[in-house]
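# Understanding the architecture of this molecule
Spelled out from the first residue to the last, the chains are:
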Amino acid sequence: MASPQIEESSIPTEINWQDLDKTKFFISSTTFFFGTRFIVYPSILVKTRLQIQEDAAYKNTRDAFRKIWAKDGIRGFYKGFATFSFGILPSQFMYLTTLEKSKSVVKQYLPKQGVSLGKFNVGREQVASLFSGCFSSIAATIVSTPIDIISQRLMIQSDKSHMQYSGPLDGFKKIIKQDGVRGLWRGCGASIMTYAPGSALFWFYYSLFKRFANNFTNGGMSYHLLSSAVCGSAASASASMCTNILDVARTHLQTQDMSHLPRSQRNLFSILSHLIRREGLVATWKRGLIPRIMSHAPVSALVISSYEVVRWWAYKGDS
């Protein structure tokens, strides 16, 4: 696939769903995002293990990286990656389609001057980004939850694990045998309650920071890429800090054996309440926060820059 060639003077100020060449958009975005996921996967694995550990096997993020490397080498950081990668294509397709389409639809119902909230005015682009980020996350989560569950359980396997899977297919069979088909969507509601606010806040913050950055210059390609990277990283860190405590509870819900608990307690808020009572609010919120920001913020800078390039390249007005 040829590299995108974009003239600085041709950068569109606004791109809507109907303006995109869909074939270019999906092929190039999937390729870009797969590469970034490969780079950041070790941090995702470490974050997951820190969030669910019960016996303080890892003192902190650095200790987790060191111990995993000492025990399994580089392969230890990519447990469950094959399964994780398999879920990228359908979830990416669903996420991007819903994001772009819903954003265009929401804009049609918003006044051009934005929405007034007392003394504050929230721009049309920011409101549309908030809603489309939420809708796209819900759609993608429903598609990707089974893959997430299997890949997460492969991530956390160790010699002390209660459930051992020889691979993705074995994990798939054992989860169905133990929990039924519903087991593949265990925690789906919790994932939506975690990911949807995070996605909504990310796109809201990104649009807000980008509008602020664009006030200082009329830009060019280099400036747009740099500002996209900085704004994407800042938006990701902000959203991660707001939603990390929900992500901790979701990870516990999807990876831990809940068979001993009554069904009424197998939900996000019961798990969250238990964790807060046991460890305190701040300690629960901080679990895995640093590796989560480490995995999300840098990759968001790369992903959002790639995403903007892909959209510019797929823009039919440049054909």
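The preceding data block contains the structure.
Since we're looking at a predicted model, the values are computed, not measured.

Of regular secondary structure, the chain possesses 11 helices and two strands. When the helices and strands of the chain are placed in sequence order, the string is α-α-α-α-β-β-α-α-α-α-α-α-α. The buried share of the chain, taken over its 319 residues, is 52%. Contacts spanning at least 24 positions in sequence make up 77% of the contacts within the chain whose residues lie at least 6 apart. Total accessible area on the chain is roughly 16100 Å²; 63% of this is exposed by carbon and sulfur atoms.

Another point: the pattern of salt bridges. Following the criterion strictly, the structure yields 14 salt bridges and no others. Its salt-bridge partner being Lys79, residue Asp72 comes within 3.8 Å of it at the nearest N-O pair. Since its relative accessible area comes to 27%, Lys79 is described here as partly exposed. Of the charged contacts, one joins Asp179 and Arg186 as a salt bridge, the two residues approaching to 3.8 Å between their closest N and O atoms. When its relative accessible area of 29% is taken as the criterion, Asp179 is described as partly exposed.

Bringing a nonpolar patch on the surface into the picture now. A surface patch of nonpolar side chains, amounting to about 290 Å² of accessible area, comprises Phe38, Ile39 and Leu302. By the element assignment, Leu302 lies in helix 11 (residues 289-314). For Leu302, a relative accessible area of 39% corresponds to the partly exposed category.

Calculation rules
- Residues numbered from 1 in each chain as written.
- Predicted model: local features only at pLDDT ≥ 70, side-chain atom pairs only at ≥ 80, totals over all residues.
- Heavy atoms only, no water.
- Helix = DSSP H or I, 4+ residues; strand = E, 2+ residues; numbered from the N terminus.
- Buried < 20%, exposed > 50% of the residue type's maximum accessible area, 1.4 Å probe, protein only.
- Contact = heavy atoms within 4.5 Å.
- Areas by Shrake-Rupley, 256 points an atom, 1.4 Å probe, with all protein chains shown as cover.
- Salt bridge = Lys/Arg side-chain N within 4 Å of Asp/Glu carboxyl O.
- Patch = residues over 30% accessible without salt bridge, like charges linked within 9 Å, V, L, I, M, F, W, Y side chains within 5 Å.

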